[in-house]
Amino acid sequence: MDPYDVEGGAINVRFLQADSTRANFLIQNFDLATANALRRVMLAEIPTLAIDVVEVFDNTSVLADEFICHRLGLIPLNAKNVDEALLYSRDCECDGYCENCSVTLTLNARCTSDGVMKVYARDLVVSGGRPNDEIGTPVIKDPEGLGSVIVKLNKGQSVHMKCIAKKGIAKEHAKWAPSAAIGFEYDPNNKLRHLDYWYEEDPKKEWPVDETNANIDGVPQEGEAFDYDAAPTRFFFDVETVGGMEPDTIVQQGIRVLQQKLANVIQELQGGEDIDMGGFGGQSPQMNGGGYGDPTAGSFSAYGGNASVWGGGATPYGATPYGQQPPSNW
Amino acid sequence: MNAPDRFELFLLGDDEKKVEEKDETRVPNTAVFTFNKEDHTLGNLISQRLHSYEYITFSAYKIPHPLFAKFELRVTTDGSITPRDAVKKCCEDVVADLEVLSRSFTTEWLGKRIINEGEQDRLNRERDL
Ligand SMILES: [Zn+2]
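Residues numbered from 1 in each chain as written. Chains lettered and ligands numbered in written order. Predicted model: local features only at pLDDT ≥ 70, side-chain atom pairs only at ≥ 80, totals over all residues. Heavy atoms only, no water.

Student: Help me out: how do you make sense of the interface of chain B and chain A in this one?
Tutor: Where interface size is given, it is often the accessible area lost as the parts come together that is meant. The partner chain A presents 57 residues to the 45 residues of chain B that form the contact. Surface buried jointly by chain B and chain A totals about 4800 Å² across both partners, of which 64% is contributed by carbon and sulfur atoms. When the area that chain B buries against chain A is broken down by residue, the three leading residues are F10(B), F105(B) and W109(B), summing to 15%. Counting across the chain B and chain A interface gives six salt bridges. With a closest N to O distance of 3.2 Å, R49(B) and D31(A) form a salt bridge. In this structure, the connection of chain B to chain A is made through 17 residue pairs in polar contact (both at pLDDT 80 or more). (Contact = heavy atoms within 4.5 Å. Buried area = accessible area lost by both parts, 1.4 Å probe. Salt bridge = Lys/Arg side-chain N within 4 Å of Asp/Glu carboxyl O. Polar contact = N/O pair within 3.5 Å; in protein donor to acceptor, adjacent residues only side chain to side chain.)

Structural data, given as structure tokens:
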């Protein structure tokens, strides 16, 4: 039996590395289409927080207003619980922005001494009234605690700006991407021959493999017969966070967002005119009971007995995807 | 500036529906589903996953035009199930798989973090000696 897969065919996860910045893991007994969908969702569709609107009160630096605004947008901000803690601004009842849909940061810096003064991400001051005391804080990882440089000022120059950070997804703008990069591969030894390597002399020398992954996946024997029906079942992920979210949160949120997407389709396909939760009358007894192993048609037991997944026992088929929020159209 | 807003990639229009079904009358047991404001993420996922069911005789998707955020999924079954129910069942099965994945991920992540912390404690103790 495969030493890395002792769960007899059930979908399972094994970790190679797990810390505050990276989750390096493999998913076993999974399928390529779902693994890739998860990868794509983690890249582009997980809500995070980023500066989206800037009011410029004063800018006498050498950089143009929009140049600095763009830089501000790209500064990673802590996105703790942003999924539930903030509304999308477009769904909020306010006009423009408010405490329910944004976090405000202020940048106010003036250079009064000779020489160049650098303005850093740490100089952004978060206003009170945010939903928790971490959200919106600029991500600062360097040992000096400075964060990224925003602008340099010479004597007498100053910048004063009010920055409105909003919830969004990377599909709208890459500044909302939760992950710096996601490593993804399967079949590192190319046993399935999905790849036809281009090479100068010897593909083995010119295409380095990830040794760790290659060993886990089993090095092929010389002269082994080719299995035409083989499909990949083991997928290697390496998720690195930008810093606003824990790496495990990125993965879990990715799973949720993908489930939500599918749930919307299911709802639509069963004639989703009725958006009231009671509208699934026939199903409702299943919603909080049934446990998991019964994925028979029409049963939503996958959601049963695990209310926390959808928050407070709300189901993804209800009108309010995550329970508390008003419908957000997607 | 006449560039379309980027959120038009994922927000449904006012009277737009997520999925529209159209029967393919020239071929039996066939339907074409148009998914609005979706892309390869769902297109590939559903069309490929459908191949694993015995009653599916054809399933594929296309994005008719790259500037429009929609894809078309064409599904043919053997008649024992409607294309609509086949797609629905497929989505439910993926959701269930993701649930198993999520649970395993949670357990293993916690385990790995505990091992890491234990390791760190040990290193700290050894350094302090
Ligand atoms: Zn608001």
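Structure shown, so let's carry the discussion forward.
Student: Would you mind showing me how to read the UniProt feature "domain: DNA-directed RNA polymerase RpoA/D/Rpb3-type" (unreviewed entry) in chain A here?
Tutor: Mapped onto this numbering, the UniProt entry annotates "domain: DNA-directed RNA polymerase RpoA/D/Rpb3-type" (unreviewed entry) at residues 22-268 of chain A. Segment residues 22-268 of chain A splits into 23% helix and 27% strand. End C-alpha atoms: 36 Å apart. (UniProt positions renumbered as here; feature names shortened; annotations may be inferred. Helix = DSSP H or I, 4+ residues; strand = E, 2+ residues; numbered from the N terminus.)

Student: What am I meant to see in the coordination of the zinc ion here?
Tutor: Perfect tetrahedral coordination of a metal by four donors corresponds to 109.5 degrees between them, and perfect octahedral coordination by six donors corresponds to 90 or 180 degrees. Residues and elements named next belong to chain A. Of the protein atoms, only C92 (SG), C94 (SG), C98 (SG) and C101 (SG) coordinate the zinc ion, at distances of 2.2 to 2.3 Å. Of note is the zinc ion, whose four donor atoms meet at the metal with angles of 100 to 116 degrees in an arrangement that counts as tetrahedral. The motif formed by the donor residues of the zinc ion, counted along the single chain, is C-x1-C-x3-C-x2-C. (Donors = N, O, S within 2.8 Å, 3.2 Å for Na, K, Ca; no water. Tetrahedral: all angles 85-135°; square planar, octahedral: opposite > 155°, others 65-115°.)

Student: Honestly, the nonpolar core in this entry has me stumped. Any pointers?
Tutor: Nonpolar side chains in soluble globular proteins tend to be buried together. Ranked by size, the top nonpolar core spans 80 residues in total, and within it F25(A), L72(A), F35(B), L50(B) and V87(B) carry the most contacts. Looking at this core element by element, the count peaks at 10 residues for helix α2 (residues 83-128) of chain B. When residues of this core are assigned to domains, at least three map to each of domain 1 (7-45 + 179-220 + 228-266) and domain 2 (49-168) of chain A. (Core = buried A, V, L, I, M, F, W, Y, C linked by side-chain atoms within 4.5 Å. Buried < 20%, exposed > 50% of the residue type's maximum accessible area, 1.4 Å probe, protein only. Domains from an automatic or database assignment.)

Student: What is the right way to read the layout of surface pockets from this model?
Tutor: Using a probe with the size of a water molecule, rolled over the atoms, empty space left in the structure can be pinpointed. Its volume calculated, the largest pocket comes out at about 1100 Å³. Along its surface, the largest pocket is lined by 34 residues, and N189(A), N190(A), K191(A), L192(A) and P220(A) are the ones closest to its centre. (1 Å grid on protein atoms, 1.4 Å probe; cavity = no way out; pocket = protein on both sides within 12 Å on 5 of 7 lines; lining within 4 Å. Points joined across faces, edges and corners; volume = space filled by probe spheres on them.)

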